[in-house]
Amino acid sequence: MALSNEHDPEKAGLISGPRGGGGGAPLRRTSLDRAGPAARFGVLIGAVVSAGALWTCFTASQRAHPGAVGGGPLCEQFSSVLPPAHAADANKEIIFSSAYQTKSAGILSGLVQIPHQHLNRTLINTYGLLYEWKGSDPSLKPTMFMAHVDVVPVNPATVDDWTHPPYSGFFDGRHLWGRGSVDCKDTVSALLEALELLLEKDFVPRRSVILSFGFDEESAGTQGAGRLGAYLESYLGKDSVAFIVDEGGGGVGEMWGTAMALPGTGEKGYIDVTVSLTGPGGHSSVPPDHTSIGIISSIVTALEDAPFSPSLPANSPILSLLQCAATHGELSKSLKTSVLAASQPGKKGEKGRQKLAEQYAALGGEERYLVQTSQAVDVISGGVKVNALPETANFTANYRINIDSSPKDVKDKITKQLFATAKKYKLDVDAFGTTYSFRPSPQSPSRGVLKAIGIGELEAAPVSLTSARPWEVLSSTIQHAFSNRFPDGLVVSPGMDTGNTDTHSYWSLTKNIYRFTPSDPSSNEFIHTVDEHLLFSEHTQSIWFFHELLRNADAADL
C-alpha cells in the first residue's frame, strides 16, 4: 500500500513567499517518482549564486548544485501526505473538539488506561513498559515510539511556590499543571491516546508498532531504557526496526522568520569527570603555600580558561539546519555567505565550515554549544573545619561532547592539564589510569595524589540520514499534521539538542532515529522547574501528529 498525496505536486505550480528566501523568488514544485504516482513528492531546493546575492531557486532536475555538500540538495523538502482513507479519518474532528480536550486532560492528569487486550505488554526490570501492537504482515519491520514515565523531583522547598500543587495534574481549561506535564507524560499520553483512537475505529496495522517507555531517563536511563534496549535487541535482532521516534528535537514554531519543524537527527556525546586531590592535612596555622583546595581551584580556572573549540563537520545536523534557514528563512547576509562557503565540497567546504562554526558559536547561548563541547563544573567540595587543612578536595565537571569529538578527547585535554599541575606542585598523578610521579626524587614523600576518573561515558550518536525513506515519511506527516496551523506549509529541517535522550540504548535497532516532540517549545517554557505546565492545545496537536504518523508509516514502503 503506498502513500497518497494531499496535494498533487504536479498541479502545485509556482509558489511564492518566505520559502523562496530574502527576495521572495518563486519556488517550483516538481515531482520525482520513487514508488509510483501515489508516492510523489515536491522538492524545494535553494542555492546562493554569489556572496550577498539573493538565494535562487532550482527545480529537482538541478539537484547537483554547488550549494550543497557532496552535490546533494541543500534543504530537501517533502509535500504534505495523507494516509489512505479509513474510518480513523473521523478522529481529527474528535481530537480537536472541546469534549475530547476535557477527556484527554483527565487521561493525562490521572492514570493512563492502556488497552492490554490489543497490545502485548512486557515488563522489563519491573517498571520498564514495552508494548507491541502486532501487525498483519510479519515480514515488515516494526516502527517504534519512545518516551519515559519518570520525572525530575520537585524541590520540597519550592512546593509552596507552585500555582497549583506539583503533582495535582490540575486542568484550568487551557493549561494542565504539574511535574511531568511537559517532560514527558505529554508524549506518553499522546501516543497511547492516538493508539486508542485508532483501535476504536478498528484500525489494523500491517506493520507492528512498539512502544518503549523507560523509567529513569532523568538519571541516565541505564536501568530503564538500557534494559529495554538490550531486551529488544535479543528479541528482534540488530537493524530490525524501520525507525524510532523519541522525545526531543526543536519542536515546531516560527524560527528565522519562517515556520520550521526540527526533528533531532543526532545527539552530542557525554561524560562526567571527577578530579580529586588527596594529600597531607595539618593545622591551618602552618599551611603550605597552596592547599588542596587552592590547587584544585587552579585546575578549574585553567580548564575554564581554555574552552573547547567550535567545529561543524559535514554531517552535522546544525549545518543542515543552517542550510535550511539560509534557503527558506531570514539570515543575515554574512551568515548566508558563510553557509554557502560551508556547503562547498572538499577543502573549501572544510575551511568554510570552520569559519561558520566560529561565527555561529559567537552568537553565544545555546547556539554556541550546538557546535562546541560544553564544560560545566557543577560540584566542588573540600575541607571539614576552618582550622584543619583539607586532606581532600574534588570537583566534578559535566561535558556534552560535540558530534565530531569523543570522551577520549575530553580526557586527553584534562590529562594534559593535570600533568602540568602535578609537575608544578610535585604531585603524583593518576589521570584515567595513566600514572606518573613528579616527586623531586623516588625517596621523597608524597605531596599528594591528583586523580581523575570518567563517569557515564557516551559517544556522540550516529547521525540519522535524511536521505532515507523514514525521514521522508516523517517530514511529509509533519507537513500534513500541522497544516491546520501552517496552511502554507513549513520547513522540516534536521536539528539537534544540547542534551541527551534514552535513544542511545537503541542504536543497534535502526539507523533511523528521530527525536521529535511535536509541539511549540515556546509555549512550554517551565520544564524542570516551578510551575511546569502544558498548553493543552499542544497536547491535542501531538495526539493528531502521532495518530497520522502511525497511519502513514503503516502505509509506506520502509
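Look a little higher up for the structure.
Residues numbered from 1 in each chain as written. Predicted model: local features only at pLDDT ≥ 70, side-chain atom pairs only at ≥ 80, totals over all residues. Heavy atoms only, no water.

(A) Highlighting helix H3 (residues 185-200). The end-to-end C-alpha distance of H3, which contains 16 residues, comes to 22 Å, matching closely the 22 Å that a straight helix rising 1.5 Å per residue would cover. Taking burial as the measure, the 16 residues of H3 include 13 buried ones, the bulk of the element. Positive backbone phi, at 60 degrees, marks aspartate 202, one or two positions downstream of H3. (Helix = DSSP H or I, 4+ residues; strand = E, 2+ residues; numbered from the N terminus. Expected span 1.5 Å × (residues − 1). Buried < 20%, exposed > 50% of the residue type's maximum accessible area, 1.4 Å probe, protein only.)

(B) Geometry of the pairing of strand S19 (residues 269-278). S19 sits mainly inside the fold: eight of its ten residues count as buried. Looking at chain direction, S19 and strand S21 (residues 392-401) are connected through ten bridges and run antiparallel. In the strand pairing of S21, valine 275 is matched with phenylalanine 395. Alignment of S19 against strand S24 (residues 449-458), held across eight bridges, turns out to be antiparallel. Bridge pairing in S24 links serine 276 to lysine 451. (Pairing = 2+ DSSP bridges.)

(C) Seen up close, the state of the cysteines. Overall, the coordinates contain one disulfide when judged by the stated rule. The disulfide partner of cysteine 75 is cysteine 324, and the gap between their sulfur atoms is 2.0 Å. Between cysteine 75 and cysteine 324 the sulfur-sulfur dihedral comes to about 100 degrees; the bridge is accordingly right-handed. Here cysteine 75 is found in the loop between strand S7 (55-58) and strand S8 (81-82), whereas its partner cysteine 324 is found in helix H6 (residues 317-328), with 249 residues between them in sequence. Side by side, cysteine 75 and cysteine 324 carry an identical accessibility label, which is buried. (Disulfide = S-S within 2.5 Å.)

(D) Representation of the pattern of salt bridges. Applying the stated criterion across every chain, the model contains twelve salt bridges. Of the charged contacts, one joins glutamate 457 and lysine 411 as a salt bridge, the two residues approaching to 2.9 Å between their closest N and O atoms. Note that glutamate 457 is positioned in strand S24 and lysine 411 in helix H10 (residues 407-425), a separation of 46 residues in sequence. With a shortest N-O distance of 2.8 Å, arginine 469 and glutamate 472 are connected by a salt bridge. Linking arginine 469 with glutamate 472, this pair stays in helix H11 (residues 469-481), spanning three residues, or about one helical turn. Of the two residues, arginine 469 and glutamate 472, neither departs from the other in class, the shared state being buried. Among the ionic contacts, a cluster of salt bridges with common partners joins Asp89, Glu548 and Arg551. (Salt bridge = Lys/Arg side-chain N within 4 Å of Asp/Glu carboxyl O.)

(E) Focus on the nonpolar core. If you look at the biggest cluster of nonpolar residues, it comprises 49 residues, and the most contacted ones within it are Phe145, Leu211, Phe213, Ile478, Leu490 and Phe545. Secondary structure elements with two or more residues in this core: strand S10 (128-133), strand S11 (143-148), H3, strand S14 (209-214), strand S15 (243-246), strand S17 (258-261), H11 and helix H12 (536-555). (Core = buried A, V, L, I, M, F, W, Y, C linked by side-chain atoms within 4.5 Å.)

(F) Focus on the sheet that holds strand S13 (residues 175-177). Taken in spatial order, the three strands make up an open sheet running S12-S13-S28, and their pairing is antiparallel. In this open sheet, the two edge strands, each paired with only one partner strand, are strand S12 (170-171) and strand S28 (533-535). Bridge analysis of S12 against S13 gives two bridges, and the strand direction is antiparallel. Residue phenylalanine 170 lies in a different strand from S13, and its bridge partner there is tryptophan 177. Of the strands in this sheet, S12, S13 and S28 touch H12, which is tilted by about 65 degrees from S28. (Contact = heavy atoms within 4.5 Å. Axes fitted to C-alpha atoms, helices over the stretch in contact; angles between N-to-C directions.)

(G) Quick peek at the environment of leucine 236. Turning to its location among the elements, leucine 236 is positioned in helix H4 (residues 225-236). Looking at leucine 236, the relative accessible area reads 28%, which means it is partly exposed. The spatial distance from the C-alpha of leucine 236 to the C-alpha of lysine 141 is 9.6 Å, given a sequence separation of 95 residues.

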